[in-house]
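# Report on the structure
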Amino acid sequence: MAGGRRITLAVDIGGTFTDLEFRDSLSGATHSLKSPTTPEDPARGLTEAVALAGERFGFAPGDVSLILHGTTIATNAVLTRDLPQGALITTEGFEDVLEIGRHARTDIYALRGPDRTVLIPRRRRFGAPGRIDARGNEVRPLDPEGLAGVVEAVAAADVEAVAICLLNAFANPAHEIAIRDALASRLPDVAISCSHEVSPEIREFERTATTALNALLVPVIGRYVTTLRARLAEAGIGAPVLLIQSNGGAISLDAAARLPVRLLLSGPSGGVLAAQSLAGRLGIPDVAGVDMGGTSYDVAVVAGGECGVVAQGEIDGLPVRAPMVEMITIGAGGGSVAHLDATGRLMVGPRSAGAMPGPVCYRRGGEEPTVTDVNLILGRLDGARFLGGRFALDREAARAALEARIARPLGLDLDRAAAGVLAVVNAKLAASIKTALFARGLDPRDFALMSFGGAGGLHACEVAEELGVRRVIFPRDPSTFSAHGILSSDIRHDLSRAGIMPLEEASLTGIAAMAAELREAGEALLEADGIEPGRRRVNFSADIRYRGQAFELMTELPESPLSAGTLSELRERFEAQHRRRFSFDDPAEAVEIVTLRLTATGLLGEEGAAAPAYAAGEAAEPGSRPVHVGGAWAEVPVLRQLSLPPGALVEGPAVIEQDYTTMLIPGGWSLTMRETGDMIAERRA
């Protein structure tokens, strides 16, 4: 294919729609497309979207050179608990670590703690006879007879997956390796995950929970990878496929099948990285990026031009000890169902109608009104132009459902019921943004809102008003913005080594040894990925804390060679970060490194490549339609985005439409089209 046409595809499969964005090597242009997700077989929806893009933009399956793929497969499996039966092998006497958890109470006055999911029940948790201490020394050898008994017990449990997480295995994995080899010999078809490969770090509960979740996801992602490869082969697409991780980087299908726990924020992470990039291009360093799709609402903060990456996150109450972009996700999207609770109170979400049956207006069997139905009822959506006119919406069906389920039971007319649904969902969206910002000591009024996702544009300005935010940024293609971020992803491997050491000159030898080990492992992974030496980047960071603290802050190491000066600068960076996050520091207190981390990056894209300039190319006569905005109906101008030249100024109220999304600009707001095609709405004084 050298010298020929090359198509690089980015695909983000969401709960409702599959978003696709691609770059054409011949023209340098990027194009986007949106297609309904096929929940029963997401891989089919992917190949259908690629085929549709090929027909529309004139490329063949053989022209595709690379597919970068964000997916919610792992996330949905966890949320729905659609996981296989698994077992856990841990150090004898520590079988209940998963059940004990942490003494972290969200309600300190409650008489009972909240219910918590234990992924592997007690009857399938087994203790292995042997012991490693915190320094990696063998205290008690692994008893062969006892090990054989554990292996037979696992065989009798009839499981698809086994997690092995022994005490202090991050310091010495020898016992985990011996158990893995014995299991693999006896049960060759069972998926096995070891903690020293999944999460080689301190904190027994989090390491065990992460390893158990990874083990249970291996069969799920393994089946999807097999199906995906078959679907691509049927479609005549032989291009390599990389899956997007929670950290925003890409890994091979085989690596993802071994470490699927790293895919839990696969799609949303692309949007976060795209938000950071766009904020930099626009010269607006402080933004709250919000992605509103059909099912969820994701919030990520870009402060000072940087998005946060954390060493540990959570999904549906389950701790995940793996690097991921820092974000908050709630169940609020275009498909979120409006309903009345047992007391008659109006609620929106977190339950979603998804892609099947979808909102009532989709005419696929949905019976409960959703946010999309309400936006259609209030004239904010044009039912005839949805998805570029490929998917007509039924407004009357939506009205009937809202009348029967919400308006009549509450004794409201249809307009007040619909406006009430929007008020509830907008309040939820605003609250999630406040939570994300307040947790970092930040004021929403100091930030701009960057809105993307297919449903976000209809709510962004009204949510900004609730927050006191005066500026809203709409990217050039907001509906497929996460796919746009994925299109710029590079291969990324995150490696770590635990070892608690004081941050002082005496530790230099130990730190240097760990760094050399990590660098060698990172280079080997990039070599296996086929990345040329000139396109490799290696960065170090460390989890650091004041001695006695129960938490750490991930702090980037200076690029200079390790020395006493390097450690002094590292301490300064840590304390500056501590002041920003917690409003204090303590120069007199001892500081220690808990974990050393390495990020090995393999550059995939063309360095320095710029996005093609925006040019308005669609001739469209301005129109109007009745829209319920500001608490009343009004005849509102309706404009096509592609008909607006750079520098165009639009005064609200107005509706701006694209093929795959719609933006509502309320009264009191004005929107300016930038030369890049991005749009900035500002609230007038």
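As a reminder, the structure under discussion sits directly above these lines.
Being a predicted model, the structure only gives us computed values, none of them experimental.

## Let's talk about the side chain of Ser336
- With respect to the element layout, Ser336 can be found in strand β21 (residues 336-340).
- Residue classification places Ser336 among the buried residues on the basis of a relative accessible area of 0%.
- For Ser336, the side chain forms a polar contact with the main-chain nitrogen of Gly333, separated by 2.7 Å.

## Comments concerning the nonpolar core
- Counting residues in hydrophobic clusters, the biggest one holds 150 residues, and the most contacted among them are Ile433 and Phe474.
- With 14 residues, the single largest contributor to this core is helix α7 (residues 204-234).
- Not counting residues within four places of it along the chain, the set of residues in contact with Ile433 comprises Ala288, Val290, Tyr297, Val299, Leu449, Val463 and Leu467.
- Formed by 33 residues, the second largest nonpolar core is a distinct cluster that contains Ala10, Leu495, Ile531 and Ala542.

## Focus on helix α12 (residues 414-438)
- Between its first and last C-alpha atoms α12 spans 36 Å; for 25 residues at 1.5 Å apiece the expected length is 36 Å, and the two agree.
- Taking the backbone nitrogen of Asp415 as reference, a side-chain oxygen 3.1 Å away marks Asp413 as the first, capping residue of α12.

## Some remarks on the pairing of strand β13 (residues 287-292)
- Judged by how many residues are buried, β13 sits mostly within the fold: 6 of 6 residues are covered.
- Alternating residues of β13 divide into Val287, Gly289 and Asp291 and Ala288, Val290 and Met292, and every residue in both groups is buried.
- Connecting β13 to the antiparallel partner strand β14 (residues 297-303) that follows it, the hairpin turn spans 4 residues.

## Description of the sheet that holds strand β9 (residues 161-165)
- Taken together, 4 strands build an open sheet; the order of strands is β6-β5-β9-β10 and the sheet is parallel. Either end of the sheet is taken by a strand with one partner, and the two such strands are β6 (125-128) and β10 (191-194). For this sheet, the mean angle separating the axes of adjacent strands, direction not counted, is 20°.
- As defined by bridge partners, β9 adjoins β10 across 4 bridges and the pair is classed as parallel. Bridge pairing in β10 links Ile164 to Cys194.

Rules of the game
Just so you know, the residues in each chain are numbered from 1, in the order the chain's sequence is written. Reporting in this predicted model follows two pLDDT cut-offs: at least 70 for local features of residues, and 80 or more for side-chain atom pairs to be given and counted; totals over whole chains, interfaces and linings ignore these cut-offs and use all residues. With hydrogens and water set aside, each side-chain value is computed from the structure's full complement of heavy atoms. By the criteria applied, helices consist of DSSP H or I runs no shorter than four residues and strands consist of E runs no shorter than two, each listed in order from the N terminus. Categorising residues by exposure relies on relative accessible area from a 1.4 Å probe, with only protein chains included: less than 20% of the type maximum marks a residue as buried, more than 50% marks it as exposed, and the intermediate range marks it as partly exposed. As used in this structure description, the phrase polar contact means that two N or O atoms lie within 3.5 Å; if the pair is within protein, one of them must be able to donate a hydrogen and the other to accept it, and residues adjacent in sequence are counted only when both atoms belong to side chains. Here, nonpolar core means buried Ala, Val, Leu, Ile, Met, Phe, Trp, Tyr and Cys residues that are tied together by side-chain atoms lying within 4.5 Å of each other. Contacts were defined at the residue level, with two residues in contact if any of their heavy atoms lie within 4.5 Å. The span expected for a helix works out to 1.5 Å for each residue beyond the first. Two strands form a pair only when DSSP identifies at least two bridges running between them. Inter-axis angles, ranging from 0 to 180 degrees, are taken between N-to-C directions of lines fitted to C-alpha atoms, where helices are fitted over the stretch in contact.

In short, shape yes, function no, at least from these values alone.
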